Amino acid sequence: MALVIRRGDVFIAQFFKDTARLGVVVRADIWRKSDNVTLCQLTSSDEHFNLARTRVKVRDRAGAGTVEMVVEVDRLQTLPITRIGKYVDHLAISEMHAVDAGLRLWLNL
């Protein structure tokens with residue numbers, strides 16, 4: 001069965017050669033048949049928090065509860081689907097609106 005990827009989904013993705021991190025899908029659903037997917041990385045650290053980044057609640061990797069994460073809209077990356085791993089969660093609509101606002105600010109759209 002093919003992996004179904006929707007905007008707002010949170011996956012473990014291999015952003016770097018040997019490092020897997022959480023990422024939220026920001027690619028439009030109209031491109032769902034593409035071999036690539038665009039994500040923003042998530043971090044638990046707000047050390048470099050800025051006006052474009054936003055906080056969201058994400059189910060922890062064990063699925064036992066939720067943790068607050070920061071969506072790094074300034075760390076946007078397009079990856080081949082082969083580097084997308086386990087599904088973790090889906091952001092609420094209100095959280096995606098905040099991500100969209102951060103993307104518009106960061107990209108000056």
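Here, every reference points to the structure presented above.
Residues numbered from 1 in each chain as written. Predicted model: local features only at pLDDT ≥ 70, side-chain atom pairs only at ≥ 80, totals over all residues. Heavy atoms only, no water.

J.: What is the right way to read the pattern of salt bridges from this model?
T.: Any two side chains of opposite charge can pair if their charged atoms end up close together. Following the criterion strictly, the structure yields eight salt bridges and no others. The salt bridge partner of Glu72 is Arg21, with a shortest N-O separation of 3.3 Å. In this pair, Glu72 sits in strand 5 (residues 66–80) while Arg21 sits in strand 2 (residues 19–25), placing the two residues 51 residues apart along the sequence. Overall, Arg21 belongs to the buried group, its relative accessible area being 17%. Of the charged contacts, one joins Asp74 and Arg53 as a salt bridge, the two residues approaching to 2.8 Å between their closest N and O atoms. Of this pair, Asp74 sits in strand 5 while Arg53 sits in the loop between strand 3 (36–43) and strand 4 (54–59), and the two are 21 residues apart along the sequence. (Salt bridge = Lys/Arg side-chain N within 4 Å of Asp/Glu carboxyl O. Helix = DSSP H or I, 4+ residues; strand = E, 2+ residues; numbered from the N terminus. Buried < 20%, exposed > 50% of the residue type's maximum accessible area, 1.4 Å probe, protein only.)

J.: Honestly, the packing of aromatic side chains in this entry has me stumped. Any pointers?
T.: Between two aromatic rings, the relevant description is the distance of the centres plus the angle of the planes. Per the counting criterion, the structure on display carries one aromatic pair. Measuring from centroid to centroid gives 5.6 Å for Phe11 and Tyr87, while their planes differ by 75°, and the two rings are edge-to-face. On the criterion of sequence distance, the pair formed by Phe11 in strand 1 (residues 9–16) and Tyr87 in strand 6 (residues 84–90) is long-range, its members being 76 residues apart. (Phe/Tyr/Trp six-rings, centres within 6.5 Å; stacked < 30°, edge-to-face > 60°.)

J.: Which parts of the structure should I look at to understand unusual backbone geometry?
T.: The bulk of non-glycine residues show a negative phi, and the bulk of peptide bonds are trans. Positive phi, close to 55°, is recorded for Asn108, a residue that is not glycine. Note on placement: Asn108 falls in the segment after helix 1 (93–107). Asn108 gets classed as exposed once you look at its relative accessible area, which sits at 70%.

J.: Whenever I open this one, the environment of Asp74 confuses me. Can you help?
T.: When its relative accessible area of 23% is taken as the criterion, Asp74 is described as partly exposed. Here the alpha-carbon distance between Asp74 and Gly102, two residues 28 residues apart in the chain, equals 8.8 Å. Those residues in contact with Asp74, other than ones at most four positions away along the chain, are Asn50, Arg53 and Trp106. (Contact = heavy atoms within 4.5 Å.)

J.: Help me understand helix 1, please; the structure alone is not making it clear to me.
T.: Note on helix geometry: an α-helix contains 3.6 residues per turn, so any two residues three or four positions apart are oriented the same way. Given a rise of 1.5 Å per residue, 15 residues ought to cover 21 Å, and the 21 Å separating the end C-alpha atoms of helix 1 matches this to within 8%. Buried within helix 1 are the following residues: Glu95, Met96, Val99, Asp100, Gly102 and Leu103. Each buried residue of helix 1 sits inside an arc of 165° when the element is viewed along its axis, so together they form one side. Opposite the packed face of helix 1, turned more than 90 degrees from it, sit the exposed residues Ile93, Ser94, His97 and Leu105. Structurally, helix 1 contributes buried residues whose contacts are with strand 2, strand 3, strand 4 and strand 5. Where helix 1 ends, the next residue or the one after it, Asn108, has phi of about 55°, a positive value. (Expected span 1.5 Å × (residues − 1). Arc of directions from axis to C-beta.)

J.: Can you walk me through the sheet that holds strand 1 in this structure?
T.: Strand pairs in the sheet, formed through backbone hydrogen bonds, run parallel or antiparallel to each other. Spatial strand order, 4-5-3-2-1-6: six strands in an open sheet with antiparallel pairing. Each edge of the open sheet is held by one strand with a lone partner, namely strand 4 and strand 6. On average, each strand axis in the sheet is tilted by 50° relative to the strand beside it, whichever way the strands run. Pairing of strand 3 with strand 5, which is carried by eight bridges, proceeds in the antiparallel orientation. Within strand 5, the residue paired with Val37 across the bridge is Leu79. Its contacts with the sheet place helix 1 against strand 2, strand 3, strand 4 and strand 5, and it is angled at close to 50° to strand 5. (Pairing = 2+ DSSP bridges. Axes fitted to C-alpha atoms, helices over the stretch in contact; angles between N-to-C directions.)

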